[in-house]
Amino acid sequence: MSGEKDLEQIKREAAEKAKELAKQRQAAKQAGEGNDPKEVADQVAEPEVKQTEAKAASPAGDDAELAKKKAAAAAKAKAAALAKMKANAQSDEASEAKEEESAPVEGQDAELAKKKAAAAAKAKAAALAKMKATGQVEENVEAESPAGDDDDLAKKKAAAVAKAKAAAAAKRKAQEAGGGADASTDDDDLAKKKAAAVAKAKAAAAAKAKAAAGGGSADDEKAKAIAAAKAKAAAAAKAKSAAGAKAGAEETVEEKKPSPNQPYLDKYVKAITDNLGDNILEDSYINPLSKDVPTLVAKKESYYRLAEFLKYNELLGFDYLSELHGTDFQTHMEVYVHLYSYKNRQSVALKVKLDRDNPVTESVQPLWAGADWPECETYDLLGIKFEGHPNLHRIMLGEDWVGHPLRKDYEPYDVEV
């Protein structure tokens, strides 16, 4: 039993010495005195093995041999643990050193990225300047960039005019391919585009002059707006005049086209001249403002005679009076009579011009009873007198009314009325 106690005491002493040695090695490591982990394990295990062997030389038997093996195994395990701690410490130191080395590398990468970004910005600015010099920059970029010199302005004008010409040529070509269009429309479009381009160039020049004089951005915008408005108004006026000219040309063409009622007018005129002579009519025409009605203008002295012929001639037979009224043209008065033939399903207008100072003509009431009240109304409102009327009187105003309200020179007798 005493041998086993001595063995336990030896184990404890060996363990305490191993701990002490481990502490010393740890302190040495912290002080910068690192040793190889294998050497440390051998140094820790060597004294313990020696002590175990010396103890085993005593007469302890099989128990002493077993204790010796246990002590050797414990010493090796402690040495391995210490070596592992040492290796971990060294790996931590290596990682810290690596982080310290990588820090300046990351700083260098950031600096390199900044230089690359600056170089890219310079390259972009150079490319933009080159595009502007070759005239490839769009109009909005040109508006944002500083004003150029007179050469740049001339280039812009030339480019705008060329662009307008190209657009007009393309449009003309497309219209010809699609069946063709009016050439005047293309010319008008080209003129509009040229005017717009010139106005735009003028606005740019005004903006440039304003900027050179030190004007503010608000003034520039105002000048541009005024120039654009003027250009738009000029283009609209030109388009309107062109449209008016075109409409006038179309009207002329339409007037030249024969009216479907022209054969009827020729028929009436031939019948009149064959039966009454050439001195009956003052004029004859198709009135486009009144559904192309054939119109006959009788001379003042032939008015009643022509009306009588239009009613009783077998070829014409205008047996119905649908309308009669008078008109003040300031230079003269006119009486307008619209007649209709139920037999031929045709109509005609009969006119006579009268002296404005003394508007007197013959009444057609004896021919068409429907002229009774229209002639009274014309007398009441215009003062035209119809000789031969059975009862010519005012039918709207009183007999004591002064003047005739539809005359252009009419002045109310009583202003308050």
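Notes on the structure follow. Predicted model, so just to flag it, every value in this text is computed and none were measured. (Residues numbered from 1 in each chain as written. Predicted model: local features only at pLDDT ≥ 70, side-chain atom pairs only at ≥ 80, totals over all residues. Heavy atoms only, no water.)

Structural notes on the environment of Ser-322
- Relative to the assigned elements, Ser-322 resides in strand S3 (residues 320-328).
- Note: C-alpha distance between Ser-322 and Ser-347 (25 residues apart in sequence) is 9.9 Å.
- Engagement of the side chain of Ser-322 in a polar contact is seen with the side chain of His-338, the distance being 2.9 Å. (Helix = DSSP H or I, 4+ residues; strand = E, 2+ residues; numbered from the N terminus. Polar contact = N/O pair within 3.5 Å; in protein donor to acceptor, adjacent residues only side chain to side chain.)

A word on the packing of aromatic side chains
- Tallying each qualifying case throughout the model produces 3 aromatic pairs.
- Ring plane angle 80 degrees and centroid distance 5.4 Å describe the contact between Tyr-268 and Phe-318, whose orientation is recorded as edge-to-face. Taken together, the residues Tyr-268 in helix H8 (residues 262-276) and Phe-318 in the loop between helix H9 (303-312) and S3 connect sequence positions 50 residues apart.
- Tyr-268 gets classed as buried once you look at its relative accessible area, which sits at 1%.
- Three or more aromatic residues joined by ring pairs make a cluster, and in this case those are Tyr-320, Tyr-340 and Tyr-342. (Phe/Tyr/Trp six-rings, centres within 6.5 Å; stacked < 30°, edge-to-face > 60°. Buried < 20%, exposed > 50% of the residue type's maximum accessible area, 1.4 Å probe, protein only.)

A closer look at unusual backbone geometry
- Residues other than glycine seldom take positive phi values, yet Asp-292 does so here, at roughly 55 degrees.
- Relative to the helices and strands, Asp-292 is located in the loop between strand S1 (281-287) and strand S2 (293-298).
- The class for Asp-292 is partly exposed, based on a relative accessible area of 22%.
- In this model, Arg-345 sits at a positive phi of 55 degrees, which is unusual for a non-glycine residue.
- Of note, Arg-345 is situated in the loop between strand S4 (333-341) and strand S5 (346-354).
- Relative accessible area serves as the criterion here: at 61%, Arg-345 is assigned to the exposed category.

Here's the deal with the pairing of S2
- Within S2, 6 of the 6 residues are buried, which leaves it mostly tucked inside the rest of the structure.
- Of the two faces of S2, the one carrying Val-293, Thr-295 and Val-297 and the one carrying Pro-294, Leu-296 and Ala-298 are both buried.
- Pairing of S1 with S2 involves 6 bridges; the strand directions are antiparallel. Paired with Tyr-285 across the strands is Thr-295, a residue of S2. (Pairing = 2+ DSSP bridges.)

Here's the deal with the pairing of S4
- The element S4 is extensively covered by neighbouring structure, given that 8 of its 9 residues are classed as buried.
- Sheet analysis places S3 next to S4, joined by 8 bridges and oriented antiparallel. Counterpart to Tyr-320 in the pairing with S4 is Tyr-340.
- The hairpin formed by S3 and S4 contains 4 residues between the paired strands, and Gln-330 there has a positive phi angle of roughly 70 degrees.
- In terms of strand pairing, S4 meets S5 through 9 bridges, oriented antiparallel. Each bridged residue has a counterpart across the sheet, and for Glu-334 the counterpart in S5 is Lys-353.
- Turn length for the S4-S5 hairpin, with the two strands adjacent in sequence and antiparallel, is 4 residues, and the turn residue Arg-345 shows positive phi of about 55 degrees.

Topic: helix H10 (residues 372-382)
- Most of H10 is tucked away, with 8 of its 11 residues classed as buried.
- Taken together, the buried positions of H10 are Pro-374, Glu-375, Cys-376, Thr-378, Tyr-379, Asp-380, Leu-381 and Leu-382.
- Where H10 is buried, its residues contact S3, S4 and strand S7 (385-387).
- Phi turns positive one or two residues past the end of H10, at Gly-383, with a value near 80 degrees. (Contact = heavy atoms within 4.5 Å.)

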